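# Examination of the molecular architecture
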Amino acid sequence: MKFRRMQKILGLSLVLLTACSPQEKPGHESAGHEPAVPLAESGAEKHWSYEGETSPEHWTELEEGAACNGNAQSPINLLTMRVKEGSSGLERQSFHHAEATTIDNIVNNGHSIQYNFTNEENYMEWRGHRFVLTQFHFHAPSEHTIDGVRYPLVMHMVHRSEKKEFAVVALLFKEGAFSNSFEFLESYLPIHPGETKEINQPYNFANDIPHQFDHYHYQGSLTTPPCTEGVNWFVFKEPATLSVEQLNALASLMPHNNYRKEQPLNGRKIILGP
């Protein structure tokens, strides 16, 4: 009986390990292998961090096939002197947000605070393709810098197309006025590493798109292992404001300085436009 029980346990363990392994292949623009959802944003337990022997300097060593040493990595320093004015093709009417979208849950995956949902009511249309908003999460301070300035917080809104290509909208925040729309998101804090809280409440994502629509666009990568390339970034230029208390409420629950340092531009083009 003990032997049979051990067989069952080993069999179940094998099934779980298989289910947790990325099975999907990357799109034509991606390097490395691409998970169903970006690893840092998925809640999957991976042996990487932001400090010590598992810090960003060692990410390539931690996962076979990772693209973290690639030539088109993110984040970058968005230098005004290197920016070309133009249009990214993304316009305000490109965003489609339901008036009330149910957020499934909030999770602290040990790397970031992340809000998840499964419906496809919120999406952006870009260059003839639909990119569905799958989740959003935070880094404190920001990963991208603008002329060397690093902001205290950034929200990454992760979108994915049917071809499993990624487009990430980055919204920067600075200290300032209290944000009423943000109050709803923070009402589910604190949440500790490894904890998940059910939300199942509606939220209007239209409130998060800045009125000032100027943004930087370039092609880079995921900012966490496996650092998959071919990701289209849209970093909004003007930061929104949060109170000091609101900023601290998020930052205090995440790893200290949960950001990756700026990566070499390597000749990539950065466009700034409305």
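In what follows, the structure referred to is the one given above.
Cut-off values and rules
- Residues numbered from 1 in each chain as written.
- Predicted model: local features only at pLDDT ≥ 70, side-chain atom pairs only at ≥ 80, totals over all residues.
- Heavy atoms only, no water.
- Disulfide = S-S within 2.5 Å.
- Helix = DSSP H or I, 4+ residues; strand = E, 2+ residues; numbered from the N terminus.
- Buried < 20%, exposed > 50% of the residue type's maximum accessible area, 1.4 Å probe, protein only.
- Pairing = 2+ DSSP bridges.
- Salt bridge = Lys/Arg side-chain N within 4 Å of Asp/Glu carboxyl O.
- Polar contact = N/O pair within 3.5 Å; in protein donor to acceptor, adjacent residues only side chain to side chain.

Summed over all chains, the structure comprises one disulfide. Covalent S-S linkage joins C68 and C227, the inter-sulfur distance amounting to 2.1 Å. Since a negative S-S torsion denotes a left-handed disulfide, the C68-C227 link at about 80° is right-handed. Taken as a pair, C68 in the loop between α3 (59–62) and β1 (77–78) and C227 in the loop between β12 (215–221) and β13 (229–236) lie far apart in primary sequence, 159 residues in all. Its relative accessible area of 4% is what places C68 among the buried residues.

The buried fraction of strand β10 (residues 166–175) amounts to eight of the 10 residues, a majority that puts the element mostly inside the structure. Judged from the eight bridges that link them, strand β9 (residues 153–160) and β10 form a sheet pairing that is antiparallel. Bridge pairing links M155 to L171 in β10. Between β9 and β10, which pair antiparallel one after the other, the connecting turn spans five residues, and K164 there sits at a positive phi close to 65°.

Looking now at the pattern of salt bridges. This structure, assessed with the given rule, holds one salt bridge. Between R150 and E262 there is a salt bridge, with the nearest N and O atoms lying 2.9 Å from each other. Of this pair, R150 sits in the loop between β8 (145–146) and β9 while E262 sits in the loop between α5 (244–251) and β15 (270–273), placing them 112 residues apart in sequence. For R150, a relative accessible area of 26% corresponds to the partly exposed category. Its relative accessible area of 32% is what places E262 among the partly exposed residues.

The next thing to look at is the environment of Q212. Tracing the chain through its elements places Q212 in the loop between β11 (196–203) and β12. A relative accessible area of 39% places Q212 in the partly exposed class. Sequence separation between Q212 and R92 is 120 residues; the distance between their C-alpha atoms is 9.9 Å. Of the polar contacts made by the side chain of Q212, one reaches the backbone nitrogen of D214; its length is 3.3 Å.

All we've got here are geometric facts, nothing functional implied.
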